[in-house]
Amino acid sequence: MPASTFTLRKIFLLFLFITVSMAPALWSQINPIPSEESDTSETSLVVIDFADTTRSIRNSTGEEILFLIGNVELHQDSLFMYCDSTRKENNNLHAKGNVILQQWDSTVVFADTLVYIGNEKDATLTGNVILENGTQRLYTQALQYNLERKVAQYFSRAWITNDTTTLTSIRGTYLVDSDEIFFRDSVYIESPDFELYADTLKYHSETELVTFLGPTIINLQDGAKVYCESGHYNLKEERGVFIQNAQYVQDDREVTGDSITYNAAAEEVIVQGNGILNEKGRTARGDRMIYDLGAELLTIIGDGFVQDSNRVIEAESLVYDIKNDQFTTQSRTTINDDPQFMEADTVDFDNDTGMGLASGNIIWSDTSSDYTIFTERALYSDSSSFLKAFQNRPVLL
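These remarks concern the structure in this document. Computed from a prediction, not measured in an experiment: that's the story for all the values here.

### Some details on the overall build of the chain
Of regular secondary structure, the chain possesses one helix and 32 strands. When the 397 residues of the chain are sorted by exposure, 40% land in the buried category. By sequence separation, contacts in the chain at least 24 residues apart represent 28% of the contacts at least 6 residues apart.

The following block contains the structure:
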């Protein structure tokens, strides 16, 4: 047999042997079989990536303690840690100087010192702590942060900044994954448009929605004040719903109701359920009240009632011009201006002239003179017993 043929045969047999011997390994990579004894605990270890200087000692039980000094870099799963120096014992760290914790989801924490329990992924950070999550920043001096559950807690005063708004409280819980922060104890929010004082509230940083969880006072930019014990306020839209003992106060005017909706852009306050407006010399009530702040118009829908020093007006719905003391009704109306009393389908009244125009099935009576007039239209004065009845032959009894 020629030498070249023998050599080729040896190469072929060697290739066949290698292929057969590696087949089980190759097959296991294509179709891996999970092992019941596989150990995944290594993924939870704090791994040292770099340090300028490393030295170690052993404690009384023989366990190794590492001291890492200078430009220290470590990681645990998707968490990366940086500091000037740290002591590493088992899976725990005690780090000092320019501490940084960074997770892949863009959450970053800065602090002066860190005590980290690796198996629990619990971090205690102290000194100039800053937690950044997107555009959200939390500032405090001490923070307890579980990086597994993404829950941060502080027990001394902290500040949250978001664009032009600042929120602060003495205690709080930050649920990083859901973008929710629970503020407790001496809560204060400051923005260009309002100030807020509360005992407890929840803030959703993405939607900028504040949910009231206790007594709350809001000082609005126009000088009005709001009090409530429940409800919510959207910082972006400047729109809030206030419930549970809700009150809106502006100058000597106070509005109460089951719920009060405030819309800064529309300059509107809407009261739903048992609405009452009180001001000097005047009271208004209704099932639903819409208060136009700019025009000072009060629209009452459902069981409308207005009382001033001269008269009582009742109608299912009416519009009251507070600034000019004028009102218009579009439903059956009664006006009690003792000793005059009138009922009509609609009424327009102008306080400047002291004159009103009534229309539809009018009944006007004067108890002092003991007579009654029935007519379809009438011009009347609230300062005297003057009534001019016309259209469809008025009847005097």
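### Section: the packing of aromatic side chains
A ring pair, where both rings are aromatic, is described by two values, the distance of the centres and the angle of the planes. Per the stated rule, a full pass over the model turns up eight aromatic pairs. Relative to Tyr197, the ring of Tyr188 has its centre 5.1 Å away and its plane inclined at 45 degrees; by these criteria the two rings are tilted. Residue Tyr188 is classed as partly exposed on the basis of its relative accessible area of 21%. On the basis of an interplanar angle of 25 degrees and a centroid distance of 6.0 Å, the ring pair of Phe212 and Phe242 is categorised as stacked. In this pair, Phe212 is assigned in strand β15 (residues 209–212) and Phe242 in strand β19 (residues 239–250), connecting sequence segments 30 residues apart. Comparing Phe212 with Phe242, the two get one shared label, buried. Its end group placed over the ring of Phe67, Arg55 keeps NZ or CZ at 4.7 Å from the ring centre.

### Topic: the pairing of strand β11 (residues 165–169)
Of all the five residues making up β11, four are buried; the element is thus mostly covered by neighbouring parts of the structure. Note: strand β10 (residues 158–162) against β11, five bridges, orientation antiparallel. From the neighbouring strand, Ile160 faces β11, where its bridge partner is Leu167. Counted along the chain from β10 to the antiparallel partner β11, the turn is two residues long, and its residue Asp163 has a positive phi close to 55 degrees. As paired strands, β11 and strand β13 (residues 180–190) are joined by three bridges and run antiparallel to one another. Note on β13: the bridge partner recorded for Thr166 is Glu190.

### With respect to a negative patch on the surface
A surface patch of negative charge is lined by Asp222, Asp251, Asp252, Glu267 and Asp292. Tracing the sequence through the fold places Asp252 in the loop between β19 and β20 (253–263).

### Considerations on the pattern of salt bridges
According to the stated counting rule, one finds eleven salt bridges in the structure shown. Of the charged contacts, one joins Glu279 and Arg282 as a salt bridge, the two residues approaching to 2.3 Å between their closest N and O atoms. Comparing Glu279 with Arg282 shows no difference in burial state: the two are buried. One salt bridge connects Arg311 with Asp308, and the closest N-O pair in it is separated by 3.5 Å. Assigned by exposure class, Arg311 and Asp308 land together as buried. Several salt bridges converge on common partners, so that one network encompasses Arg253, Glu279, Arg282 and Glu296.

The rules behind these values
Residues numbered from 1 in each chain as written. Predicted model: local features only at pLDDT ≥ 70, side-chain atom pairs only at ≥ 80, totals over all residues. Heavy atoms only, no water. Helix = DSSP H or I, 4+ residues; strand = E, 2+ residues; numbered from the N terminus. Buried < 20%, exposed > 50% of the residue type's maximum accessible area, 1.4 Å probe, protein only. Contact = heavy atoms within 4.5 Å. Phe/Tyr/Trp six-rings, centres within 6.5 Å; stacked < 30°, edge-to-face > 60°. Lys NZ or Arg CZ within 6 Å of the ring centre and 35° of its normal. Pairing = 2+ DSSP bridges. Patch = residues over 30% accessible without salt bridge, like charges linked within 9 Å, V, L, I, M, F, W, Y side chains within 5 Å. Areas by Shrake-Rupley, 256 points an atom, 1.4 Å probe, with all protein chains shown as cover. Salt bridge = Lys/Arg side-chain N within 4 Å of Asp/Glu carboxyl O. Lys, Arg positive; Asp, Glu negative; His and termini not counted. Charge placed at Lys NZ, Arg CZ, Asp CG, Glu CD.

Any link to function would need more than the numbers given here.
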